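Chain by chain, the residues run as shown.
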Amino acid sequence: MTNEKMEQRLAAALEKTAPDDVNGVLSRCEERKGTVIPMTTKKMANRKWTTLVAACLAVMLLGGGGVFYQRANAVASVVSLDVNPSIELKVNRSEKVLVCTPLNEDAKDILADMSNGADLKGAKLDVAVNAIVGSLVRNGYLDSISSAIMISVEDKDTARAEKLQRELTSTVDGVLQTSEAKAAVLTQTLTQDAGREQQARENNISTGKAALVNHVLALNSALKFDALAKLSVEELKDLAEAGAPAMPIGKAAAAYAAEQYAGTTALDSVTAEVDSELDEFPAHYEVELHTAWGEFEYLVDAYTGKVISGQKDLLTTASTPNVTTKLSDQKPDPSGTAQDIGYAKAKSIALNHAGVSENEAYDMDIELDNEDGILVYEVEFKSGNMEYDYEINAATGAILKYESELDD
C-alpha cells in the first residue's frame, strides 16, 4: 500500500470516529464579558470542529505509523554468504529478511528454486540461511573437506553483529552436520566502509568477500583485486594461509590443464571436480575427471599449471573396465595366465595409469590379495614426491581402486 492510499484511509476512518460534541463543548465555556465574538452557524461549526480534530489525529497516527513503517523496513544488518556463489541478505532489527540478492551467476543457480531470492523476503534470517546453505549442499559446493563457506555480518552495532555471527554459525553448522557435508565455516564481522562497498559492487561480490580479498592483498600488494575476486573462498583462505606468494591459476584453468593432459578436451561427456590445496607444498589443485572409462585424478601445479601426476592420453591408453568376476576358487599364477594377469602386468597397468615410467618409480611393492572373493593385486610405489596405491583385478586387469597423494 502506498503512503498516499494509507493517508486517505486514515482520514476517512478518523472523520467517521471524530466526536460531534460542539454544543457540549460550548456549554462548558464561560460567557465572556466585553467584546462579543461572533459565532458561525451550528452546521459550519460542526464541520470545522470535525475537520480540525480529524486532521490532528491523522497527523499523530500517521506520524507514529510512519516511524513504525520506517523501522520495519530499515536495514539494520547486511549478511553475506560466500563460497563461490555470493549471496547478500539485508535484514531489519527484528532479523527479518528485507531483500535477498544473488551477486553472481553461480548464486542465481543456488536461488533458482526460491524465485531468485524473492521468496525469502519476510522470512526470519536463520530460516533463510538454512534454505540457502541447503541449496549449496545439494549443488555440491560443500562436499569436499577442503571447501569453505564464509559468513560475514556488517552492522553499525558491534554487539548485534557478533550476536548474529554466533547464531548464523550455529545454523550453518547444523545444516552441514545434518547433510554430512565437510566444509569449513569462516566468519567475520565488519563495519561499514564506502571504499570496500565500491570494490564489491565493481566486482559483483559481497562486501564480506571484498574484505577477504583485501586481507590477501595486504600479504602481497603485487596481486590484483579483480583477479583475486574471481577465486573461491576456499582458494582465498588457502592463499592467505600460505602467505599469498603468487597468483594461482584458478580452478577452471586447473581443470582445463588436466583435460589437456588427459586428451579429453574435445569430449563433452567429461566432467571435472576441483579442490584447491594452495596451503600445501607444492601448492596444487586436485582435479578428478569423470569419464566413460572411470574416474581419474590429476594434480596440477597451482602457479605454473603443469600437471604433476595423472594418466596421460586417456583416449589411447585407457579402456573400459570389464565386469569383475569372482575368483575365489581360482589360484593365481605369478607368471600370468588367462585367469591371472601376473605381477609384471599389474605393475605395468599401475605405472601407465599414473603416467610414471619404471625408472622413475621406487619403493615398489606388489602383493596378491583376496578382497571379498575377488583376487586383486595391490600395487604401491613412489615417484618424485608422490605416493601411489592401486588395487587391480587379477583376472581382468581393471583398476578397482587407486589413490595418489603427496609423500610427507
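Before reading on, note that the structure itself is shown above.
Residues numbered from 1 in each chain as written. Predicted model: local features only at pLDDT ≥ 70, side-chain atom pairs only at ≥ 80, totals over all residues. Heavy atoms only, no water.

Engineer: Before we move on, could you go through helix α7 (residues 194–203) and cite the residues and values that matter?
Structural biologist: Where α7 begins, the capping side chain belongs to D193, and its oxygen is found 3.1 Å from the backbone nitrogen of G195. Two residues or fewer past α7, N204 is found with a positive phi of approximately 55 degrees. (Polar contact = N/O pair within 3.5 Å; in protein donor to acceptor, adjacent residues only side chain to side chain. Helix = DSSP H or I, 4+ residues; strand = E, 2+ residues; numbered from the N terminus.)

Engineer: Outline the nonpolar core, listing residues and values.
Structural biologist: Core analysis: the biggest nonpolar cluster contains 58 residues, and L228, V287, Y298, F381, Y390 and I392 have the highest contact counts within it. Among residues more than four places away in sequence, those in contact with I392 are I341, A346, I349, A350, L375, V376, Y377, V379, G397, A398, I399 and L400. In terms of nonpolar packing, the next biggest core, distinct from the first, is built from 32 residues, I87, V97, I151 and L164 among them. (Core = buried A, V, L, I, M, F, W, Y, C linked by side-chain atoms within 4.5 Å. Buried < 20%, exposed > 50% of the residue type's maximum accessible area, 1.4 Å probe, protein only. Contact = heavy atoms within 4.5 Å.)

Engineer: Any details on the side chain of N104? Residues and values, ideally.
Structural biologist: Along the chain, N104 turns up in the loop between β3 (97–102) and α4 (105–110). Each residue touching N104, except ones within four places of it in the same chain, is listed here: N84, P85, S86 and N204.

Engineer: Tell me about the sheet that holds strand β2 (residues 86–91), residues and numbers included.
Structural biologist: Taken in spatial order, the five strands line up as β3-β2-β1-β4-β5 in an open sheet, and their pairing is mixed. The open sheet terminates on both sides in strands that have one partner only, identified here as β3 and β5 (184–190). Here the average twist between neighbouring strands, direction ignored, is 15 degrees. Across seven bridges, the pairing between strand β4 (residues 148–155) and β5 is parallel. Residue pairing across strands places E154 opposite L190, the latter belonging to β5. (Pairing = 2+ DSSP bridges. Axes fitted to C-alpha atoms, helices over the stretch in contact; angles between N-to-C directions.)

Engineer: How would you sum up the sheet that holds strand β8 (residues 294–301)? Please name residues and give values.
Structural biologist: Judged by pairing direction, the sheet is antiparallel, and its four strands sit side by side in the order β6-β7-β8-β9 without closing on themselves. Strands at the two margins of the open sheet, each flanked by one partner only, are β6 (271–277) and β9 (307–309). Across this sheet, the average inter-strand angle for adjacent strands is 30 degrees, counted without regard to direction. Sheet topology places β6 next to strand β7 (residues 284–291); seven bridges connect them, and they run antiparallel. Considered in β7, the bridge of A272 is made with L289.

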